[in-house]
Structure formats: C-alpha cells, structure tokens
There are 2 protein chains.
Amino acid sequence: MTLTLNSFAAGKWIAPSGRISQLKSAVTGETIAELGAELDFAAMVDHARTVGGPALRGLTFHDRARMLKALAQYLHERRDPLYELSYETGATKPDSMIDIDGGIGTMFVFASKGRREMPDDTIYVDGALEQLSRGGSFLGQHVATSLQGVAVHINAFNFPVWGMLEKLAPTILAGVPAIVKPASATAWLAEAAFRMIVESGILPDGAVQFVAGSAGDLLDRLGAQDVVSFTGSAETALMLRSNPRLLANSTRFIAEQDSLNATILGPDAAPGTPEFDTFVKEVHREVTAKAGQKCTAIRRVIVPEAYRDAVVEAISKRLAKTVIGNPRDEATRMGALASLTQREDVIAKARIIATEADLVFGDLDATGTNGIEKGAFLSPLLFSCNDPDGARSIHEVEAFGPVSTVMGYRDMDHAAALANRGGGSLVASLFTHDPAVARKAVLAMGAHHGRLYFANRDTGKEATGHGSPLPHLVHGGPGRAGGGEEMGGIRGVMHYMQRTAIQGSPDILSGITRTCVQGSKTALKEVHPFRMSFNELEIGHTLETQARTVSLADIEHFAEFTGDNFYAHMDEEAAAANPFFPGRVAHGYLLLSFAAGLFVDPAPGPVLANYGLDNLRFMKPVSPGDAIKVRLTAKDKKARNEEYGEVRWDVAVTNQDGEIVAAYELLTMNAM
Amino acid sequence: MTLTLNSFAAGKWIAPSGRISQLKSAVTGETIAELGAELDFAAMVDHARTVGGPALRGLTFHDRARMLKALAQYLHERRDPLYELSYETGATKPDSMIDIDGGIGTMFVFASKGRREMPDDTIYVDGALEQLSRGGSFLGQHVATSLQGVAVHINAFNFPVWGMLEKLAPTILAGVPAIVKPASATAWLAEAAFRMIVESGILPDGAVQFVAGSAGDLLDRLGAQDVVSFTGSAETALMLRSNPRLLANSTRFIAEQDSLNATILGPDAAPGTPEFDTFVKEVHREVTAKAGQKCTAIRRVIVPEAYRDAVVEAISKRLAKTVIGNPRDEATRMGALASLTQREDVIAKARIIATEADLVFGDLDATGTNGIEKGAFLSPLLFSCNDPDGARSIHEVEAFGPVSTVMGYRDMDHAAALANRGGGSLVASLFTHDPAVARKAVLAMGAHHGRLYFANRDTGKEATGHGSPLPHLVHGGPGRAGGGEEMGGIRGVMHYMQRTAIQGSPDILSGITRTCVQGSKTALKEVHPFRMSFNELEIGHTLETQARTVSLADIEHFAEFTGDNFYAHMDEEAAAANPFFPGRVAHGYLLLSFAAGLFVDPAPGPVLANYGLDNLRFMKPVSPGDAIKVRLTAKDKKARNEEYGEVRWDVAVTNQDGEIVAAYELLTMNAM
C-alpha cells in the first residue's frame, strides 16, 4: 500500500500534484509513499502572518505552555502507529524511541519551563532593571515580544518526529506560527505525526502548516519578522543562508548542521578504569545507534596514542557482536540507513577517509545483510589513523552513517587541537575522572563546540549520552555546526522573539511589565494587603507599618535566645573596630523577625504561607535605640494552580531617618 | 598641515603607501589628512590569533575590566586634542562630547559591569544549573569562553571615537583581539584616539591593530572563530554579509545599520501638555545634533493628525532659530555634514522624499552657510506627508542628515503600523504619560525595534534622549537595522564568546566553574570555616553543626518577642486547616535565627559581616519537637577590593530525618 502524503496549507489538506516523487522503505526498498506539492506559498505565509500569528500572540506564555502539554499528551497516547511507520525508515525500536518519545519529551520540558520560567503574560522580562539615572526617574529594562512573522522549519531526514517537535515547541511557546518542511526521505512519518497535531484541534487556526514536497520559492517570500530554522547538511545550509532575500532583510537563519564531533579518552582513563569501559560502550553506541545517522554522532575517536590499539580492539570486539538487519527483528541492534542514496553517499565519503586512515573493522563492499538485498544496510566501518595532524579528510569529510576514525594524541593540548580541527561541532565528549582535566578542556575547546559532555564513574547510569541533545541545553555549535543554537530552555524560545530595550519612568515600566518597578506609583491603602485574595490583590498595593524601637535589651535577649553571640552584637569595642559597624548593632535576623512582627496579619486569611525570600541585602547597620518600620508592596503575582498562586512583595525596612536598612523580596502563597 | 594616518599592524606603525587618498575638512574643504594602506592582512590576522588572543585569554574578566578602566582614564585625561580634531569633522562641541566622552563613558560602564557581573576567572557561568537527572549525579550548566579568533570592527564615519570604543570595550572584556577599520572620511580622529590606546601600553601586544585605508581582502581570511562587527549603511552591510567565505564558515556578523527611526506623539500628548513640549524639543534636537548624521536620528515624526499642523509649526519655529555654521563658533548649534559627498547624497535622497511629501522647512538648494562656501553645510529639511499609508519613500529612503518627515495618524494601532513600516529600526520613541498606551505600543511595535524610548513629564531631565544608545542596553534592531545587537551590558560581551552547554557530575562541574555545585565533593573540616581569611578559604570547605530541638515554648516565646502571631504558629486548629501545615509550626525566621545561632563563630575573625541572603526557600514545615541542624559550605568567592571580598555559602537546614527544611545562600564579607 502506498501512502499519499498531503500538505496542510492555510487550514486545508492538499493532495500531491505536479511532479510526484515516490519514497522507498529503507528496509525493503519498496515504494511506501508519494508526495509532491504545488502550493501557494504566498498564501501560506500570509495565512500564518495574519491568522496564526495574531491568534498565538493573543495567548499568554502559560496558555501556550498548556497547549504544548496537551499536545504532548495527545501524541503520547497515540504513538503506537508512529512506531510502525518508523520501522520503514530503517530505525530500530530504540532508534524510534529517541525520535518519537524524545520529541514528545521535549514538548513536555518546554511546557514545563514555559510555566515555571515565563510569566502568565505576553511580554517576557529579560534580565535585571538597569538604573540609568541617579534620581531613579529614568530606568531601563529589556523585554522580549513575539516576532510578527512566520517560522519556516526545514527538518532533517534522520529524526522526523523529534526534529519537528523540538522546533515547534519553542516556536509555539514564543507565539509564532510555523510552516514545517520535513525532509522527503522519511516524510511519511513526519506527516503522520503532524496530522495528529492538526486532528487534536489544540492549536489555533494558522498556527501550523506543512509542506509535503519541495519548498519551492518559500524563502523568497520571507522578511525581517520571519525566521528560518534549518537542520541538515552544511552544503544545503550554505545554499539557503546565501538566499539574497534573506540576506537583504537580515532574516534570522538558525542552522544546526551535521558536524565532525569528537570524543576524547582522558589521559587518566587507562584500560582497566571504569572510564575506559564507559568510553568503549559509548563509542560503540554512537557508531551503531540510528546506523550512525545522527548529527551528533562520534566521527572522531581521540585517545592517548599508547591506548590506541587497545581502544580499536575493544570497539571492534563490540562491533563484531552487533546484529544488523531488519529493525522489526528483536535481535537487531542496528537497522538500515534511510535510503540507498544515503548509503552510496556514506560509502563514497568512507572511501575518501580510507585514503588517509586504515580500515580496521568492516567491509566497504559488504552491503547486503541477512539476505535483505534491497534494504539500505551497511556494516559499521572503523578506521584508525596514524597521522591525525597531517590527515585532512578525517577532520573534514563526514560520512553520515556508522563510520568513525580512531586517532592518537600526545597530551591534552594535542587532543584539544585535534578535536578543534573539526572547525566547529555540535558536541565533544571527554571521559575523565579528573576535574582539572575537564576545566583545561573547557578553556582549550569550549569555543569550538556547542556542548561538552563529561562522563565518568560518578555520572554512571544517569548520564544521558554523548549524542543526546536535551531541551534544557543549547543544541548547535560554531562554524561547521552552523553557528546556530536551538533549545537551551527559554534561550530557544528567544530565537522566535525580539529583544527590545525599553526606557522610561518607573510608572511606564511598571505598566509595560505589569510588575511593580522600584519608584513606580504604589497605592497605600487602608485595608491590609494580606486580606486580599490572589485574584483581588492589585500590583502596587502597599502597606506601611508602625515603627518599633530596637533596644540593647532586645539585642542581648535575641543573642541569648538564638545562641548567635557574634561579637558585632555583643562587644562594643570589638564591634567598633569592624570596618562596617559603628559599635554594637542589631542582628540581621532580629530585623527580619521584627519586620515580620510589624507586617504580619495574624488571623487566618488568603495568605497561606511565607515560602521564601530573595535578594536580601542589609544596607545599613541598626544601632540600639534606632526605630525601624516596614513598607511592603505587592510586586508580582504568578498563578501556580487553580487554588493558589505565588505573590512577590517588595519589602523595605527603614530607620527613623527614612534610610533603608534592609531590602528584600518576600514570597507568599496566596489562596485564589 | 596634512596629517599622515598610519596603520598599526602586528605591533608596528605602517605609513601610507600605494593608492593614497586625501581627506578633507568638513568645515573648510581643505585637505587635512592622507591615508592608504598596503597591509599584509594574513599576518595581521595571524598576529591577533597567535599573540593577542592568547595574551588576553590568559587574563581574567576582572583583569580585563581593570585594563578598560585604566584605558578610559588615560583617554579621559588626554581628550583635549581629540576635540580639536573633531571640529574638522563638522562636529560642534556637544556633538564631540557624544563621540569622545560618550565613548570613554561606555568603556567605564563595561569596566564596571565586568567587575560586578562577571567572575574573576576566564570562564563565564551563564544561567542556572540544570537538573538533568533524578539522582543528581548528572547535571547541566551553560558557560561561555572567549572565541579563539579575531574581531574585525568596521566603523562608521559619524562617531569615530565612540564607534571604536563601544566595540572595543566588550571585545577586550571578552578576551578577544580586534582589528579596527575606521571609516576613511573621519579617520584622522579615530587614528588619534587609537594612537593613545597604543601609547598607553595598557593592552597586551596583539590585542589591537588598526587599518588606515581599505580593508582589502581582510574578510576573506576569516573563519569560524572570528567575528565581524559592522556599523554603517544597509548597502555596505549587505555586501559584507554576502561574503562567501563568511557564509561558508558561519562567521558571526553583527550589523548595526542606519534605520528609519520613528517617534510618536502619544494620543494623550496634546499641545499644551508637558509631553508635547518635550516632544518638539526632542525632534529638534534629533534633526540638528550631529547635523542629523546619527544612525538613531528621528527620520519619521508620527503625530495625531489633528496636531500635525501644530507640530510642524512648533518644530519649524525652533529650526528657524538654529544657528548653522563653523562648529568652532560658540553660537553655532549645528555644524557641517562630514563631507561634500555626504551632502550630495543627503540632498539626492531628500529630493526623492520630496516627491511624496511637502517641504515645510528649509531649502534644498541652500548649501552655503555664513559665507563658508567650501564646507559641507546644509540647512535642516522638514517634510510633512499627507498620505503616509500610500507613500513609500518616507519609510524606506534614508537621507542621512538633518532631514525628517512629519505624518499624521488616526489611532495608536495606525501609529504603530506606520512606525513598523520602517522594516525594522534601532529605536522608536513614544511621548505619553499613560502606561496603558506604553504597554500597547510594546506589544504592537516591540518586535520591529531594538529599543523603545518612553519620555514624559516624569522622566524630566534624567531622560537620556531618543538618540542615545547606552552601554547598559542593547543597541541594534531587526531587519533594516541589521538584525544585530551591540552592547546591552554583558550581552554585548557574549557576542565575542561562545556559549557551551557542559554536562557532567557535580565534581566535574565544580572543577570547571570553580564554584561549589550541589552534590559535589565538599571537605568537612575540623576548623570552623569562619576562621579562614578570604584567601585561605577553599571552595567546598564545609561545617556541620550540632542539632537543636525547637520546642513549642520557643515558638510561643518568639511570637511574643517579635510580635509575629501568625495563626500557623499559634493556633493548632487553624494551622491544621492550612493546606501547607500539619498543625502549629515554627516561624521561618525562627529557623533562620536558630540556624545562625548554630553556625556563627562569635569571636572576632575574618568574617566581618553577614550582608545578605539569596534564594531562601522553606521546603518543609518544622513542628514543635523537631531537631534542626545546619550544613554550611563555601560556594563561591569574589574579591571586592584589596582588603576584603564576598563569600557565598550554601546553607542547608535539616531536620532529625535528614530532610531539608530550609535552603539558602548566605553572603558574608571576609577580610583578605
């Protein structure tokens, strides 16, 4: 049965027409699907900009995060048919889990971060307030708002589901609509997952569209408010980023390119150490998982020259035991490449590497596997290179399959120099138990790699693997890796938003960010703010307490009661010798405690608990006889669930001269 | 006298040779300087990468910040001759202050931020620790390290000193060497300031080089570790960013392009309001300051249609009183354009605008001023446009001189749409006293502008002006503004560093960042850590205290003493009804106070003061009869001056079951 892959444009499914292409199963070589798009790209871009964008921007970050969570749950419950389709891409069950469960998990993480790290609002506050004037009447603040264009996602063939979802999650969270263009080779799986997203009805109209087939002149229609996010080869990336229209409009172009990632066996990780064993396992896993078709796969294995033979032997032993074949068979450990074309390309690249390195495992001509002659199977190929300084191809030619090259190093500087020869990569790993070696590596190599992965006996089973990008961390890298960044938590959301510096008075900044900015108008009210429910409480509601004098007896009593007999509180002469104190002073904790005594409203009410305190600074010492009072202002609110939410209060404790002696942010949990 | 402008390459001054160009005074039209470089660009790039880069990377952020401060002081003391040279660029004294003092001030701000917001180390820690595993043995953290290449700075002619220093400051702070290429038209001023930098001897060899003349094939020699920072026109930017070598290497290209910046008179700012008056003054200032040759100057004046005539009249009145002439004359308010070529270009562009808008002030043919026929003088030109929706040139053609167009709007949505017609700008301003109008503007316009400036009666004299980029805030913008960002405090430093995600065990992460990461090895020592001086204290030094039981009597006594009689501490039944408490519980401040009583070492010693507390969270209630103890670990150190420094301690308060009841970071000031 041949699947017909439809596009989804301006809210309608569009069947293939015009030049139709046949897609083949990676396992059997039979036609599995056909696609070919004749789409009105101008209308698609317009639909995204005028329908999808405004709808998404009307929702808060929390609304969007909730949609992502619902979508992730919807996909999670329906993922079985996706596994079936995934086998035909050559993927084993574990390979498919990286793709399908990994993609859904990424959505869950963005949903969670959106709720925890972004406000329930449409404006994101970036970084701290900047004091631009002495008097405080003019302040600066960075904010971020949704781009008003469309994100075009151009995805790679190797992870059709993960690749789509890891881009969609931050884009939707940013409030930006997307047009998804999957790689044709495995588009049947991407289309099936995309169809579920549409069928869920969770996203607003225009939020997502899908191109099954060529992207035609889509990029020529983009402008300054649009974004192109690309994953794939350096060649294709270069062609796309050279588009004159994108260059003329400074259109954002985020590229995540396949790179020649390296792993280093630390100088301390001799054969026999736990690090050596973990290293061998990890290299084997990276060569065989997804048949080596990962943008993060280990292409270069950099080891102390003295251990090179031992490493080659240990990896080869594991490779020899690896069962290659039909990914549906449970015994299979490595499936097929995505297509015959892909296999040809890998073999051609491996032949180039073979001119500078020795093939120590595998056979360049052994392609058939277990009698399946038509599938895109290939034996793993391990090379060993005697002259890694002189050789070029091992650092520059990427065979995007189960191919890796072992090379020796003299010392860590040499190892780092070899790793950096890749010209920029997504990830490099180092197996060491020595923190000093790790630090040295970060300084020598950090600038060349988007991620540095350190594994050893301590990380044990919790380590997530050299090849696994995580939604919490940036994925991307300089140079050959494309110079871009994806994910990285909220950083990844910012790629679809514009950062803007805003300058103005405290009231204006308060009005924009809907938080109480220092110096902005506050409302001194008769009613105690602790009597207001979460929903009733207005930002700016302020309480000013009575004063309380702090006596020497209070200080001495507090010292005795708590056991805190620090000399600055107890010994006049020693205290006066301290550069910060005029003589004996009150304990900071005594001030906090008295302040609470002044502002707390004792009877049961909406305030359920004081759950924390941030940014406390003691600004000026309080001497016996000083009188303190407190000013408390509702600064920010954040709903946590249906029943209660967090309120952040600005607290200023002042003395009889009106000077601030302590300032902090108080956190309470308030009932709705 | 004709100045000979030298280049500074690989540590040597190089006199002009080959094709030599003559530079003319903007005021007199006489030749003032000559330049022409025949430089070995390969050797310059190599010198930066192999000499300057390693030298700078060997210094910590604090070391580099101290160099910037020293350099700023050095230039500040020697700035008088720079003013002299600046007159010849057509700049008045106030114009020169923006350029010279503004540039020096930017260096001071970066010096200060480098010390306050970056560590005394070579690795910058970016953002929070990411918990990647349940057990805590595998964590993630983003760090940034210096790029290992060279930054090529291509500067604009209008602010030769500020333009050079605002790029050099973050570059040097990042630990990256720079090659400075000033615009030829005003290169004599840039060369004089650069010469002072070299003569100061403050920067290490190879940190800075200077190209007086054409940059030749310099960009063709750059790679993945290099950065190009450009300020100037969109046309030149497009040519440079299309360089195939830069595209193929994903070389970072930061462009700050002249844009058609807008200002909006708020709907509430009717004639007679303070906002109206401030608005008129600001437009006048932006049209005339630096003869309108500012990348941030107001090109489009967007006002309520009903007030358009009043605005035109008020601005024209001020323009009529503006004295144009020799910038050395004290009466002069507006000097000359930078060159005759520049004036020709401005007039040509103004003639295009004149096809769609009416010239309401000025004369396109009146170029001579006060008898100085050879200078590049031009009268201010004010246009008024009747059809701003239909017109294109007013939104797309930039006359880079004293030229601006007034247009009317119907409502704020229309005003925002007109402002956004610029296709991306560096800054837009809005004069309003209404925070709701400001918020609406941020949502409607934020995505199109790098900075939004709000002025009104409250910002008064402290407001820094529509046209002033500040080192604390990002300077740049989407689309026509180049899609880049400069400055913005530490954000600007990051443009010259690579962000890398690091993953590993707590010990490995601690070793890399030199702070104590949760879960990393700590050293439980006999000696109390409060007995160690700042220098002696080792990160990881840990104290574990005895336990103390919290009795009901303690709670009641504390309530009475402090006055904090919150029901959760005092009323068993009401407390039990609270969703967070099992019954009566201890006050959070009681726990903090008892904790201090447990860990404080009373006698005078290196710990001078507890100056604050961060990230306090109460994790679990403490009931009467529970016994608490404290674990205190030195987490991070930061020298403040020669005598003392700040120490950050991780504090965990646990109960008798080992559960954490409160966690926070304690800040102390410790003597060296």
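Residues numbered from 1 in each chain as written. Chains lettered and ligands numbered in written order. Predicted model: local features only at pLDDT ≥ 70, side-chain atom pairs only at ≥ 80, totals over all residues. Heavy atoms only, no water.

Novice: Outline the overall build of chain A, supporting the account with residue identities and numerical values.
Specialist: Along the backbone of chain A there are 20 helices and 29 strands. Viewed in the frame of its principal axes, chain A has a C-alpha envelope of about 90 × 60 × 45 Å. Partitioning the contacts of chain A with sequence separation of at least 6, the portion at a separation of at least 24 is 73%. Taken together, the 64 basic and 79 acidic charged side chains of chain A have centroids lying 3 Å from each other. (Helix = DSSP H or I, 4+ residues; strand = E, 2+ residues; numbered from the N terminus. Contact = heavy atoms within 4.5 Å. Lys, Arg positive; Asp, Glu negative; His and termini not counted. Charge placed at Lys NZ, Arg CZ, Asp CG, Glu CD.)

Novice: Break down the confidence of the model for chain A for me, with residues and values.
Specialist: Regions with low pLDDT should not have their predicted coordinates read in detail. Across chain A, the average pLDDT comes to 94, with 99% of residues at or above 70. Under the prediction, the complex receives an ipTM of 0.91, its pTM being 0.91. (pLDDT = per-residue confidence, 0-100.)

Novice: Lay out the sheet that holds strand β5 (residues 31–35) of chain B in plain terms, naming residues and giving numbers.
Specialist: Residues and elements named next belong to chain B. Taken in spatial order, the three strands of this open sheet run β1-β5-β4, and their pairing is mixed. With one partner strand each, in any of the chains shown, β1 (3–4) and β4 (21–24) form the two edges of the open sheet. Two elements, β1 and β5, share two bridges in a ladder whose sense is parallel. The residue bridging T4 from the neighbouring strand is E34, located in β5. (Pairing = 2+ DSSP bridges.)

Novice: I'd love a proper account of the sheet that holds strand β1 (residues 3–4) of chain A, names of residues and values included.
Specialist: Strand pairing within a sheet occurs via backbone hydrogen bonds; the two strands may be parallel or antiparallel. Overall, mixed pairing links the three strands, which are arranged β1-β5-β4 (chain A) in an open sheet. If you trace the sheet from one side to the other, it starts and ends with β1 and β4 (21–24) of chain A, each paired once.

Novice: Before we move on, can you summarise the packing of aromatic side chains with the specific residues and values?
Specialist: Following the criterion strictly, the structure yields 30 aromatic pairs over all chains and no others. Between F157 of chain A and F400 of chain A, the ring centres sit 5.9 Å apart and the planes meet at 80 degrees, which makes this aromatic pair edge-to-face. Taken together, the residues F157 of chain A in the loop between β8 (151–154) and α5 (160–174) and F400 of chain A in the loop between α12 (393–396) and β17 (403–409) connect sequence positions 243 residues apart. In this structure, F157 of chain A and F400 of chain A share a single accessibility class: buried. These aromatic residues form a ring-pair network of at least three members: F8, W13, F194 and F210 of chain A. For the cation-ring pair, R548 of chain A lies above F594 of chain A, with the distance from its terminal atom to the ring centre recorded as 3.5 Å. Over the aromatic face of Y83 of chain B sits the side chain of K93 of chain B, whose NZ or CZ is 4.6 Å from the ring centroid. (Phe/Tyr/Trp six-rings, centres within 6.5 Å; stacked < 30°, edge-to-face > 60°. Buried < 20%, exposed > 50% of the residue type's maximum accessible area, 1.4 Å probe, protein only. Lys NZ or Arg CZ within 6 Å of the ring centre and 35° of its normal.)

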